[in-house]
Amino acid sequence: GASTACGPAGTGRSTRFGADKLRADVRGRPLLQHPILALAEACGEVLVALAPDAPEPTLPGVAGVPIRVVRDAVADAGPLAGLVAGLEAAGEGVALVVGGDQPDLRPELLRLLVSSLGAGDAAVLAEAEAPRSLPGVLRRDPALAAARRALGSERRSLLAVIFGLGSWIVPESS
């Protein structure tokens, strides 16, 4: 719905990949553009969270859906810093969060996740009953509070935030 802000957490420098992974060509376009396009079909706005020093990405043009780049406030804190930046920029409602390196996301799966949220504060996919941190849908205010707490703790992980919110788990085969 229009109250859903979404974002690929495209943070980091991809040092293991040896180059900027998010700029790598996948099926004729930069890797980062694939999750952006999937989100644009499921959301009213797309926020792209990047490290403070990451180069400005080439964004796809999508009619009727604003796409904004937001910057992590904390350098080298990984996807959790991207989550905080995205949620801070998202305003009210719920946020659908995906990885910038997820080229095969299907808009119908993202919409299923949003509809699975119900009265909960988070919904994520599970693969063989093991919850995955991305993609996920988070209720903005409680998720932002949990993500800020996690960013200041020893457990700087997306899964720590998701488990702290009491997630609904959606089987990947849905």
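Preceding this paragraph is the structure being described.
Residues numbered from 1 in each chain as written. Predicted model: local features only at pLDDT ≥ 70, side-chain atom pairs only at ≥ 80, totals over all residues. Heavy atoms only, no water.

Once that is clear, we can look at the overall build of the protein. Within the protein, the regular secondary structure consists of five helices and nine strands. Sequence-ordered secondary structure for the protein, helices as α and strands as β, is β-β-β-α-β-β-α-β-α-β-β-α-α-β. Burial status across the protein gives 48% buried among its 174 residues. Across the protein, every contact between residues at least 6 apart in sequence was considered, and the portion connecting residues at least 24 apart equals 63%. (Helix = DSSP H or I, 4+ residues; strand = E, 2+ residues; numbered from the N terminus. Buried < 20%, exposed > 50% of the residue type's maximum accessible area, 1.4 Å probe, protein only. Contact = heavy atoms within 4.5 Å.)

Time to look at the nonpolar core. The biggest cluster of nonpolar side chains holds 27 residues, and the ones touching the most others in it are L39, V46, V48, L96, L110, L113 and V137. When residues of this core are traced back to their parent elements, those giving at least two are helix 1 (33-40), strand 4 (45-50), strand 6 (94-99), helix 3 (107-116) and strand 7 (122-127). Sort the elements by how many residues they give to this core and helix 1 lands first, with four residues. Residues A95, L138, A150 and V161 belong to the second largest nonpolar core, which totals 22 residues. (Core = buried A, V, L, I, M, F, W, Y, C linked by side-chain atoms within 4.5 Å.)

Looking now at the environment of G118. Take G118: it is sitting in the loop between helix 3 and strand 7. The class for G118 is exposed, based on a relative accessible area of 51%. Along the chain, G118 and W168 lie 50 residues apart, while their C-alpha atoms are 8.8 Å from each other.

Since one α-helical turn is 3.6 residues long, residues separated by three or four positions face the same way. Here helix 2 (residues 78-90) contains 13 residues, and its C-alpha end-to-end distance of 19 Å stays within 8% of the 18 Å for a straight helix at 1.5 Å per residue. Looking only at helix 2, the buried set comprises L80, A81, G82, L83, V84, A85, G86, L87 and A90. (Expected span 1.5 Å × (residues − 1).)

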